[in-house]
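Now for the letters of each chain:
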Amino acid sequence: MGAVSYPDSLVVNFITENLIPLRIQSDAEPYVSNFKLRWTPTLITLDPKGVERQRTVGFLQPMELIPSLLLGIAKVDFDMGCYVLAMERLERIMTEHPTCAVAPEAVYLRGVAGYKRDGAAQPLKDAYEKLNADYPGNLWTRRADPYRLL
Amino acid sequence: MIQKEVEWRMDFDQAISLAGKENKAVLLDFFNPE
């Protein structure tokens, strides 16, 4: 990550604008125990109170790192009940990074955030239909399968 | 041209405090120094 992804200018700009970047050495206690670290690289997105909201393990190319970080921030918004903000970030993944690995999860979570915001089932059905059309056979398409019945 | 770099914080408590003030999420990277 340090040699390839972090020096990328788009990654630098994204992290600088959107996150507080924190590096902890992989043997530093109590953090290694508190976060149950087992392997590096491990990237964890924390909310402003320090609660873990997303974790990735393994190398990510710049073109995968940015949408992954965006998903982590969206999960912070989602977990804090900021559904509109979460949906804006998830839509950014869907439109700017539609072929990245986390795009199907973004579609799924956007549907759930829409349901949470409105209390109506249509966003869930929309999510299933987009997943089935754009990402057939994907894990998140299978997870959304019940929503086709709504 | 000066190459910009990620300005990493190294202190957990300071990073969380700053995140609260700026209402931002924290990217915690556990790195292997070797």
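This text follows the structure it describes.
Only a predicted model underlies this, so the values are computations on that prediction, with no experimental measurement involved.

## So, the overall build of chain B
Scanning chain B from terminus to terminus reveals 1 helix and 1 strand. Its C-alpha atoms put chain B at 30 × 30 × 15 Å along the principal axes. For chain B, with 34 residues in total, the buried portion stands at 29%.

## Some remarks on the pairing of strand E3 (residues 52-57) of chain A
All names here are of chain A. With 5 bridges connecting them, strand E2 (residues 42-46) and E3 associate as antiparallel partners. From the neighbouring strand, Thr45 faces E3, where its bridge partner is Gln54. Connecting E2 to the next strand, E3, in antiparallel fashion are 5 residues, including Gly50 with a positive phi near 90°.

## Overview of the sheet that holds E2(A)
Here 4 strands make up an open sheet; going across it, the order is E1(A)-E1(B)-E2(A)-E3(A) and the pairing mixed. The sheet is open, and its two borders are formed by strand E1 (19-25) and E3 of chain A, each paired with just one other strand. Neighbour-to-neighbour, the strand axes of this sheet turn through a mean angle of 20°, independent of strand direction. Against the sheet, helix H3 (residues 62-79) of chain A contacts E1, E2 and E3 of chain A together with strand E1 (25-31) of chain B, and its axis sits at roughly 160° relative to E3(A).

## Comments concerning the interface of chain B and chain A
Taken together, the contact pairs 25 residues of chain B with 31 residues of chain A. Counting only elements with at least two residues in the side of chain B that touches chain A, the list comes to helix H1 (12-22) and E1 of chain B. Taken together, the residues of the side of chain B that touches chain A break down into 15 nonpolar, 3 polar and 7 charged. Strand direction decides the pairing type here: E1(A) and E1(B), joined by 7 bridges, are parallel. Bridge pairing in E1(B) places Ile24(A) opposite Phe30(B).

## Some points on the environment of Ser26(A)
When you line up the elements, Ser26(A) lands in the loop between E1 and helix H2 (31-34). Residue Ser26(A) is classed as partly exposed on the basis of its 19 C-beta neighbours within 10 Å. Between the C-alpha atoms of Ser26(A) and Thr40(A), which are 14 residues apart in sequence, the distance is 7.4 Å. Setting aside anything within four residues of it in sequence, one finds Ser26(A) in contact with Val32(A), Leu37(A), Thr40(A), Phe30(B), Phe31(B) and Asn32(B).

About the thresholds
Residues numbered from 1 in each chain as written. Chains lettered and ligands numbered in written order. Predicted model: local features only at pLDDT ≥ 70, side-chain atom pairs only at ≥ 80, totals over all residues. Helix = DSSP H or I, 4+ residues; strand = E, 2+ residues; numbered from the N terminus. Buried ≥ 20, exposed ≤ 12 C-beta atoms within 10 Å, placed from the backbone. Pairing = 2+ DSSP bridges. Axes fitted to C-alpha atoms, helices over the stretch in contact; angles between N-to-C directions. Contact = placed C-beta atoms within 7 Å. Nonpolar A, V, L, I, M, F, W, Y, C, P; charged D, E, K, R; others polar.

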